[in-house]
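Per-entry structural report
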Amino acid sequence: MNQRTLPAAFLLALSLAGLAGCSSPTVITLNDGREIQATDAPKYDEESGFYEFKQLDGKETRINKDQVRTVKEL
């Protein structure tokens, strides 16, 4: 690599690393077998005992932790 492409390659690697930290879709599987897709990993509110997340259609949703079987990133 010459001196000109080295900073460009470094900037590209840094950009890709930054994108890896961004949100990723998540599937929440409920105890009854239903699956709900979220735009990002749900946040758990310890005070209320609910997971809070935004569905793919933009709807804000809360689900009791007792109803959740698994939470997996896609």
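These lines cover the structure that appears in this document, whether it is placed above or below. Nothing here was measured: the structure is a model prediction, and the numbers come from that model.

Here we come to the nonpolar core. Counting seven residues, the largest nonpolar core is built from Ile28, Leu30, Ile36, Ala38, Phe53, Ile63 and Val68. Every element with two or more residues in this core is listed here: strand E1 (26-30) and strand E2 (35-38). Excluding anything up to four places from it in sequence, valine 68 contacts Ile28, Thr29, Leu30, Asn31, Tyr51 and Ile63.

We now examine the sheet that holds strand E4 (residues 50-54). What the three strands build is an open sheet, ordered E3-E4-E5; its pairing is antiparallel. In this open sheet, the two strands that pair with only one neighbour each are strand E3 (43-45) and strand E5 (60-64). The mean inter-strand angle of the sheet, taken between neighbouring strand axes irrespective of direction, is 30°.

With respect to the helices, strands and loops of the structure, serine 24 is situated in the loop between helix H1 (5-20) and E1. Serine 24 gets classed as buried once you look at its relative accessible area, which sits at 19%. Here glutamate 73 takes part through its side chain, which lies 3.1 Å from a polar atom of the side chain of serine 24.

For the structure shown, the criterion picks out three salt bridges. The residue glutamate 52 makes a salt bridge to arginine 62 at a minimum N-O spacing of 3.4 Å. Taken together, the positions of glutamate 52 in strand E4 and arginine 62 in strand E5 put the pair ten residues apart, joining distant regions of the chain. Classification of glutamate 52 by relative accessible area gives partly exposed; the value is 31%. A relative accessible area of 46% places arginine 62 in the partly exposed class. Between lysine 54 and glutamate 60 there is a salt bridge, with its nearest N and O atoms 3.8 Å apart. We classify lysine 54 as partly exposed; its relative accessible area is 37%.

Analysis parameters
Residues numbered from 1 in each chain as written. Predicted model: local features only at pLDDT ≥ 70, side-chain atom pairs only at ≥ 80, totals over all residues. Heavy atoms only, no water. Core = buried A, V, L, I, M, F, W, Y, C linked by side-chain atoms within 4.5 Å. Buried < 20%, exposed > 50% of the residue type's maximum accessible area, 1.4 Å probe, protein only. Helix = DSSP H or I, 4+ residues; strand = E, 2+ residues; numbered from the N terminus. Contact = heavy atoms within 4.5 Å. Pairing = 2+ DSSP bridges. Axes fitted to C-alpha atoms, helices over the stretch in contact; angles between N-to-C directions. Polar contact = N/O pair within 3.5 Å; in protein donor to acceptor, adjacent residues only side chain to side chain. Salt bridge = Lys/Arg side-chain N within 4 Å of Asp/Glu carboxyl O.

Function cannot be read off these values alone, since they describe shape.
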